Amino acid sequence: MGTATARANANIAFIKYWGNRDDRLRLPANPSISMNLGGLFAETTVRWEENLTADSFGLNGKEDTGAGLTRVVAHLDVLRRRLDIAQFARVESRNNFPTGAGIASSAAAFAALTVAGAAAAGAQLSERELTTIARLGSGSASRSVPTGFVEWYAADAHEESYAESFGTPNTWDIVDVIAVVSKAHKPVGSSAGHQSANTSDLQTARVAGAEERLRQCKQAILNHDFAAFADVVEHDSNLMHAVMMTSRPPLFYWLPPTLMIMDSVRQWRADGLRVCYTLDAGPNVHCICVREDAAVVSERLRASSEVLDVLIAPPGDGAQVLTVSIP
Ligand code: PMV
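Residues numbered from 1 in each chain as written. Predicted model: local features only at pLDDT ≥ 70, side-chain atom pairs only at ≥ 80, totals over all residues. Heavy atoms only, no water.

### Observations regarding the nonpolar core
By size, the foremost hydrophobic cluster in this structure holds 64 residues, and its most contacted members are F14, W48, I174, C217, I221 and F229. For this core, the element with the highest residue contribution is helix α2 (residues 106-120), accounting for 10 residues. Those residues in contact with C217, other than ones at most four positions away along the chain, are F14, I15, I33, F229, V232 and V233. Y277, L279, C287 and A294 belong to the second largest nonpolar core, which has 20 residues in total. (Core = buried A, V, L, I, M, F, W, Y, C linked by side-chain atoms within 4.5 Å. Buried < 20%, exposed > 50% of the residue type's maximum accessible area, 1.4 Å probe, protein only. Helix = DSSP H or I, 4+ residues; strand = E, 2+ residues; numbered from the N terminus. Contact = heavy atoms within 4.5 Å.)

### Details of the side chain of R135
Positionally, R135 belongs in helix α3 (residues 127-137). Within the buried set, R135 has no salt-bridge partner at all; the shortest N-O distance to an opposite charge, 7.7 Å, is to D22. A polar atom in the side chain of R135 sits 2.8 Å from the side chain of H158. (Lys, Arg positive; Asp, Glu negative; His and termini not counted. Salt bridge = Lys/Arg side-chain N within 4 Å of Asp/Glu carboxyl O. Polar contact = N/O pair within 3.5 Å; in protein donor to acceptor, adjacent residues only side chain to side chain.)

### Looking at the packing of helix α1 (residues 67-83) against α3
One way to put it is that α1 packs onto α3 with a least axis distance of 9 Å and a crossing angle of 145°. You can see that α1 and α3 cross each other, and the crossing is right-handed. Here R71, H75, V78, L79 and R82 of α1 lie close against α3, whose contacting residues are E129, I133, A134, L136 and G137. (Axes fitted to C-alpha atoms, helices over the stretch in contact; angles between N-to-C directions. Left-handed = near helix turned anticlockwise from the far one by under 90°.)

### Topic: α2
If you check α2, its first and last C-alpha atoms are 20 Å apart, about what 15 residues at 1.5 Å a residue would give, namely 21 Å. Most of α2 sits inside the fold, with 13 of its 15 residues counted as buried. (Expected span 1.5 Å × (residues − 1).)

### Some thoughts on the packing of aromatic side chains
For the coordinates displayed, the defined rule picks out 7 aromatic pairs. Following the ring pairs from residue to residue traces out a cluster consisting of F14, W172, F226 and F229. Taking NZ or CZ as reference, R7 lies 4.0 Å from the ring centre of F41, over its face. Taking the ring centre of F166 as reference, the NZ or CZ of K218 above it sits at 5.3 Å. (Phe/Tyr/Trp six-rings, centres within 6.5 Å; stacked < 30°, edge-to-face > 60°. Lys NZ or Arg CZ within 6 Å of the ring centre and 35° of its normal.)

### Some details on the pairing of strand β12 (residues 285-290)
β12 sits mainly inside the fold: 6 of its 6 residues count as buried. Alternating residues of β12 divide into V285, C287 and C289 and H286, I288 and V290, and every residue in both groups is buried. In this structure, strand β10 (residues 174-180) lies alongside β12, joined through 6 bridges in antiparallel fashion. Its bridge partner lying in β12, I174 is registered against V290. For strand β11 (residues 275-278) and β12, the ladder comprises 4 bridges, and the chain directions are antiparallel. Note on β12: the bridge partner recorded for V275 is C289. Taken together, β11 and the strand that follows it, β12, pair antiparallel across an intervening segment of 6 residues. (Pairing = 2+ DSSP bridges.)

### Description of the site of the ligand
For the ligand, the set of nearby residues contains 14 residues, the closest of which are Y17, S140, R143, S190 and H194. Contacts to the ligand include G139, whose backbone N or O atom sits 3.4 Å from an oxygen atom. Here the ligand has 380 Å² of accessible area as a free molecule, and 96% of this is covered by the chains. Class assignment of the residues belonging to the shell around the ligand gives a composition of 5 nonpolar, 6 polar and 3 charged. (Near = heavy atom within 4 Å. Areas by Shrake-Rupley, 256 points an atom, 1.4 Å probe, with all protein chains shown as cover. Nonpolar A, V, L, I, M, F, W, Y, C, P; charged D, E, K, R; others polar.)

As structure tokens, this is what we get:
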């Protein structure tokens, strides 16, 4: 057993994952698609070692002994079972984006943990299998393993719910310009949110239309059709937030500046900029735009007193092993 370091980018979903058909296996209610966010990544080192008496986990240089460690241990258990490992591990992870900036870090984190953990054990797993293992840690992590533009399939069996790339980072020159409006930790995490999705009467309708929206979105990406893309991406984000707001108890992730920016984005598009919005389980607004319009979008966002920070990410690579050492 050895040591390996892997890097995985975060991702932004264009057709969202919300709600599971099986919570334990994180088998999603519907398929989803996303783009990896180049430059916004987690870097994770896993060291399997005979003399360790327990797993341990450091995040951004700080020892985590709480909920974070529990989730990491559960994921190491998955790797131990699959790879027949009897040892404990030391895990150290770092995000290069500002911690607490409200950028979902679990996708990058579990993709990097999966890829580093398998490499440190000397295992050569297929990309497909790595995506299914990453999925068990955090559903969206499955989409951070393959490169570029990625689809994650919904299915009833663990092996069938995997993710695969349908476009490289060069497929379309679009950029995610992220308006950070709050740096607070989200009040309700996505694992709890997925479990309450079915308490909304709207979830059945959202799921029923997801495949058709996915087909339209994929086609728009491959055809570089920004108008069609903007229409379906905003609609899909609105549908997910409608489900969240009508769940019991309700989940309101938007803040007043969130709505203000969504409004501005629609106005800018009407005025000719190729930009649209999408939101994850938080108040920050992902403004997706064509490369030529990214500078003016980010300038306008920065001019708003409600915007605390602006991060910019082009389409990114899949998860990569950076170093391996197996004595
Ligand atoms: O992977 P999770 O459990 O953090 O869920 C992610 C859910 C959303 O970010 C809201 C949507 C998505 O598809 O990424």
